[in-house]
Amino acid sequence: YFLPEMKIDDAPAMTFRGLHLCWFPETDVESIERSIRMAAYYKFNYVVLESWAVFDYRSRPEFVWQEKKVPATAFRRLARLAREQGVTLIPQLNMFGHAAASRHVSGKHAVLDFHPELQPLFEPDGWTWGLSNPATRRCLEDLGQELYEAFEKPPWFHIGCDEAYSMATCLACRKADYAALLKDHLLHFRERFAKQGAKIMMWHDMLIDAGDPRWKGFTAGGSAQIGTEALLEALPRDIVICDWQYGAAAKGGGPAWPTME
C-alpha cells in the first residue's frame, strides 16, 4: 500500500472538553481508570471526578463509608495517570445540596447514619448543608483541601451546589438573609481556591427560579422568593456555571437550551 504525502488537520475546536464521573460505593477503581483512559482516547482533556463518600478523609473520617473507602494514594495515582494522557482530573465536593453523600432515593446518609451528633452541620433533613453554622464551613474547608491536594492541585475545583431542595429550612437559616448567606458561602470558597491558583465550578440549577415557566421541562431548583436567582448576576464571572439536564433539549422554536442562555 502506498500513502500519498498529506497533512492531517485534527485539532479540537474547544479548549475545554469535559466529562463528569461519579465514584459510588459500588464503583471499583478499575472502571474509573477505564473511563479516564477512554476519555483520553476520545480527546477529552478534563474529567470531573465526584466522590460519593468513598474518599478516605484523614481530617474528617466520619465523612466516608468505612467499608468502601478508597485511599488518597489511589486518587493521586489516577490524577497522574490522567495527566500522562493529556487529561486533568478535577475533584468535586458537594458544598450545598447532596450533603448526604448518597443517592436521594436510597434513604441513606453517609455521615448521619453513623454520627447523628453531627446533625448541626446540616439542614434538618440532612440533604443540604447548614450554611448558617460556622462549623459547616470549617468542615468543608478540611474536606475540600484534602481532596484538592490528593488530585495534585489542578486549576479547577467543582463545588457541586445542585439540588439543594431543603435550603433555608432550619431555624437559623430561615431567619437569615439566605441569598446573602449563600453568596458569602460561594465567594469564600472561590477566594480560598483562587489563592491556590484554582477557579471554582458549580452547577446551574439553584441559580434559576423553579417556578419560572421559561424553564418548564428543564432543571431548575432556585427560588425567586428566597433570592437565589438574583445571585446569578452578582457572582464573579470567573466562576464557571455548569448547565446540566436530566433529559434532552426541548424540541421546537427558540434556543435548544434556554437555561444555558
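Scroll up a little and you will see the structure.
Residues numbered from 1 in each chain as written. Predicted model: local features only at pLDDT ≥ 70, side-chain atom pairs only at ≥ 80, totals over all residues. Heavy atoms only, no water.

1. Here we look at the packing of aromatic side chains
Stated formally: Classification of ring pairs uses Phe, Tyr and Trp, with its six-membered ring standing for Trp, and accepts pairs whose centres are within 6.5 Å; under 30 degrees between planes counts as stacked, over 60 as edge-to-face, and the remaining range as tilted. Here a helix means four or more residues in a row that DSSP labels H or I, a strand means two or more in a row labelled E, and each is numbered from the N terminus. Between buried and exposed lies partly exposed: a residue is buried under 20% and exposed over 50% of the maximum accessible area for its type, with that area taken using a 1.4 Å probe on protein chains only. In this scheme, the term charge over a ring applies when either NZ of a lysine or CZ of an arginine sits within 6 Å of the ring centre and within 35 degrees of the ring normal.
Under the definition given, this model contains 17 aromatic pairs. Where Phe16 meets Tyr46, the ring centres are 4.2 Å apart and the plane angle is 5 degrees; that geometry is what we call stacked. Separated by 30 residues along the polypeptide, Phe16 in the segment before β1 (18-23) and Tyr46 in strand β2 (residues 46-51) bring together distant segments of the chain. Overall, the relative accessible area of 28% leaves Phe16 in the partly exposed class. Over the ring of Phe24 we find Arg103; its NZ or CZ atom is 3.7 Å from the centre of that ring.

2. Comments concerning the nonpolar core
Using the following cut-off: By convention a nonpolar core is built from buried Ala, Val, Leu, Ile, Met, Phe, Trp, Tyr and Cys residues, the set being connected through side-chain atoms within 4.5 Å. Residue contacts are defined here by distance: any two heavy atoms, one from each residue, within 4.5 Å place the two residues in contact.
Residues Phe63, Leu89, Phe96 and Trp129 are the most contacted members of the largest nonpolar core, which totals 60 residues. Those elements giving two or more residues to this core turn out to be β1, α1 (29-41), β2, α2 (72-84), α3 (134-150), α5 (178-194) and β5 (199-203). When neighbours within four sequence positions are excluded, Phe96 is seen to be in contact with Trp127, Thr128, Trp129, Leu131, Cys161, Ala164, Met167, Tyr178, Leu182 and Met206. Grouped together as the second largest cluster of nonpolar side chains are eight residues, Val48, Trp156, Met201 and Trp203 included.

3. Describing the packing of α3 against α5
Formally: Here the axes come from fitting lines to C-alpha atoms, over the contacting stretch only for helices, and the angles between their N-to-C directions go from 0 to 180 degrees. Whether a crossing is left-handed or right-handed is set by the direction in which the near helix is turned from the far one by less than a right angle, anticlockwise for left-handed and clockwise for right-handed. Residues are grouped as follows: Ala, Val, Leu, Ile, Met, Phe, Trp, Tyr, Cys and Pro are nonpolar; Asp, Glu, Lys and Arg are charged; every other residue, Gly included, is polar.
Packing of α3 against α5 brings their axes to within 12 Å, and their N-to-C directions diverge by 35 degrees. α3 and α5 meet at a crossing whose hand is right-handed. The residues of α5 that touch α3, namely those facing Arg137, Leu140, Glu141, Gly144, Gln145 and Tyr148, are Asp184, His185, His188, Phe189, Arg192 and Phe193. A class-by-class count of the residues in the contact of α3 with α5 yields four nonpolar, four polar and four charged.

4. As for α1
Turn by turn, an α-helix covers 3.6 residues, leaving residues three or four places apart pointing in a common direction. Rules: Here the expected span of a helix is defined as 1.5 Å times the quantity of residues minus one. The term polar contact refers here to a pair of N or O atoms within 3.5 Å; inside protein, the definition further demands a hydrogen-donor-capable atom paired with an acceptor-capable atom, and it admits residues adjacent in sequence only when both atoms are side-chain atoms.
An ideal rise of 1.5 Å per residue puts 18 Å on 13 residues; α1 measures up with 19 Å between its terminal C-alpha atoms. Looking only at α1, the buried set comprises Ser31, Ile32, Glu33, Ile36, Ala39 and Ala40. Looking at the buried side of α1, the elements it contacts are β1, β2, α2 and β3 (88-92). A side-chain oxygen of the first residue of α1 lies 3.2 Å from the backbone nitrogen of Glu30; this N-cap is Asp28. Where α1 ends, the next residue or the one after it, Lys43, has phi of about 70 degrees, a positive value.

5. Notes on unusual backbone geometry
The backbone of Glu152 sits at a positive phi, close to 60 degrees, despite the residue not being glycine. For Glu152, the location among the structural elements is in the loop between α3 and β4 (156-158). You can call Glu152 partly exposed: its relative accessible area is 24%. The backbone of Ala168 shows a phi angle near 60 degrees, a positive value even though the residue is not glycine. Within the secondary structure, Ala168 sits in the loop between β4 and α4 (171-175). Classification of Ala168 as buried rests on a relative accessible area of 15%.

6. Regarding a nonpolar patch on the surface
Rule in force here: Patch membership is restricted to residues that have no salt bridge and whose relative accessible area is over 30%. Joining uses 9 Å for like charges and 5 Å for the nonpolar side chains Val, Leu, Ile, Met, Phe, Trp and Tyr. Here the open area of atoms and residues is found with the Shrake-Rupley method and a 1.4 Å probe, where only the protein chains shown may cover a residue. Here, a salt bridge means any Lys or Arg side-chain nitrogen found within 4 Å of an Asp or Glu carboxyl oxygen.
Together, Leu3, Met6 and Ile8 make up an exposed nonpolar region whose accessible area comes to about 410 Å². Inspection of the secondary structure puts Met6 in the segment before β1.

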